[in-house]
Amino acid sequence: MKDSGSPGRIPAAAGSSGLTAQAVDAIEDLSGVHPGYRRAHAKGICCRAVFRPNGLAAPFTTAAHLQEQEVEAVVRFSGSSTDPALADLLSPAKGMAVQFSLPDGSITNLVGVTLPVFFARTPESFVDIVRSVHRARAGNLGPLELIKEISAHFTESKSSFLALKKLQPPASYAESHYYCIHTYFFVDTGGNKRPVKFEWTPVTGVRALSLEDASQQPDHYLEDELVLRLQDESPVFQLAVIFGEEDDPTDDPTHAWPDERRRIEIGSLHLTEIIDEPEGLLMDPAEVPEGIALSEDPILHFRHSAYGESFRRRREEH
């Protein structure tokens, strides 16, 4: 994926907002520019999959992939780091992005991470927090000191960083719980809208490693484990939808909804084989089909432009 070009920054595209360019620049400052790689979640592995909806979402949404017809999908598992060479153990949060191929030839995406909330409420605070992380790291703060320092200045980050501190090293990408942290709206045949969030849970359960066991794993143990696992079995994830209620925030990804909210499983995702990453794969969480609408969450909307800017830069580096 790398090339021999200069690692210097590529100017922002015409029409790209200044804030979008600043956000991608701030991410690049964390570990430098790695030509040809994503700016975040740089290191990853892709699988082919089949999603089988069970029809339980049909009364609430007209989305084609949530009715009763199975659809093909591409799944990308990843570490959260901006450095594609970083060992799996050193990148605590993991990602699972799913691109569904819809019957009409279009696509839609769900992007999940192993944290239940995001660390920034607005694009502006995202840029400020990432820059603060860079400055704190330049001061040689350790991981715990870094979390304490950032949380003290950005109270919206506390829940996310607290969850990060509690994360244990996963035993497998296929045995982790992934939260799609943004709120969407289901839209039914009558035009009624209901706020929802999504989660992926492995049918085999969640399994973590002790720090001692994790420290003995090779740098790329999660990718190696997934390759071996798929030689013997087809890992399965259940997709759950959580329904928000009247007072639940729909515009703040740093705020979790109460645990007692209504939750139903609406389908299963079956991983079938490891594949090379498809050319031009872009997992934009704002790419939604008819029957699903975006909430007013500013981070969700901002990710559309930020993903586009990151994609443009890595394409132009080849």
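Residues numbered from 1 in each chain as written. Predicted model: local features only at pLDDT ≥ 70, side-chain atom pairs only at ≥ 80, totals over all residues. Heavy atoms only, no water.

A.B. asks: Tell me what's going on with the packing of aromatic side chains, and back it up with residues and numbers.
C.D. replies: Considering all chains together, one arrives at 15 aromatic pairs under this definition. Ring centres of Phe77 and Tyr173 lie 5.3 Å apart, and the angle between their planes is 15 degrees; on these two criteria the pair is classed as stacked. Taken together, the residues span a long stretch of sequence, with Phe77 in strand β2 (residues 71-79) and Tyr173 in the loop between α4 (158-166) and β5 (178-187) at a distance of 96 residues. For the pair shown, Phe77 and Tyr173 are each scored as buried. Between the aromatic rings of Phe186 and Phe243, the centroid separation amounts to 6.3 Å while the plane-to-plane angle is 70 degrees, which identifies the pairing as edge-to-face. (Phe/Tyr/Trp six-rings, centres within 6.5 Å; stacked < 30°, edge-to-face > 60°. Helix = DSSP H or I, 4+ residues; strand = E, 2+ residues; numbered from the N terminus. Buried < 20%, exposed > 50% of the residue type's maximum accessible area, 1.4 Å probe, protein only.)

A.B. asks: Give a detailed account of the pairing of strand β4 (residues 107-113), specifying residues and quantitative values.
C.D. replies: Of all the seven residues making up β4, six are buried; the element is thus mostly covered by neighbouring parts of the structure. In this structure, strand β3 (residues 94-101) lies alongside β4, joined through seven bridges in antiparallel fashion. Considered in β4, the bridge of Ala97 is made with Val111. Connecting β3 to the antiparallel partner β4 that follows it, the hairpin turn spans five residues, and Gly105 within it adopts a positive phi of roughly 95 degrees. (Pairing = 2+ DSSP bridges.)

A.B. asks: Go over the side chain of Arg39, please, and point to the residues and values.
C.D. replies: Here Arg39 is to be found in the loop between α1 (18-31) and β1 (44-53). Reaching out from Arg39, the side chain makes a polar contact with the side chain of Glu28 at a distance of 2.9 Å. Setting aside chain neighbours within four positions, we find Arg39 in contact with Val24, Ile27, Glu28, Val33, His34, Thr82, Ser310, Arg313, Arg314 and Glu317. (Polar contact = N/O pair within 3.5 Å; in protein donor to acceptor, adjacent residues only side chain to side chain. Contact = heavy atoms within 4.5 Å.)

A.B. asks: Before we move on, can you summarise the packing of α1 against helix α2 (residues 123-138) with the specific residues and values?
C.D. replies: The N-to-C vectors of α1 and α2 enclose an angle of 25 degrees; their axes lie 9 Å apart at closest approach. When the interaxial angle is binned, α1 and α2 end up roughly parallel. In this structure, the crossing between α1 and α2 has a hand that is left-handed. Between α1 and α2, the residues in contact are Leu19, Gln22, Ala23, Ala26, Ile27, Asp29 and Leu30 and Pro123, Glu124, Phe126, Val127, Val130, Arg131, Val133, His134 and Arg137, respectively. Across the contact of α1 with α2, the residue classes break down as ten nonpolar, two polar and four charged. (Axes fitted to C-alpha atoms, helices over the stretch in contact; angles between N-to-C directions. Parallel < 35°, antiparallel > 145°, perpendicular 65-115°, else oblique. Left-handed = near helix turned anticlockwise from the far one by under 90°. Nonpolar A, V, L, I, M, F, W, Y, C, P; charged D, E, K, R; others polar.)

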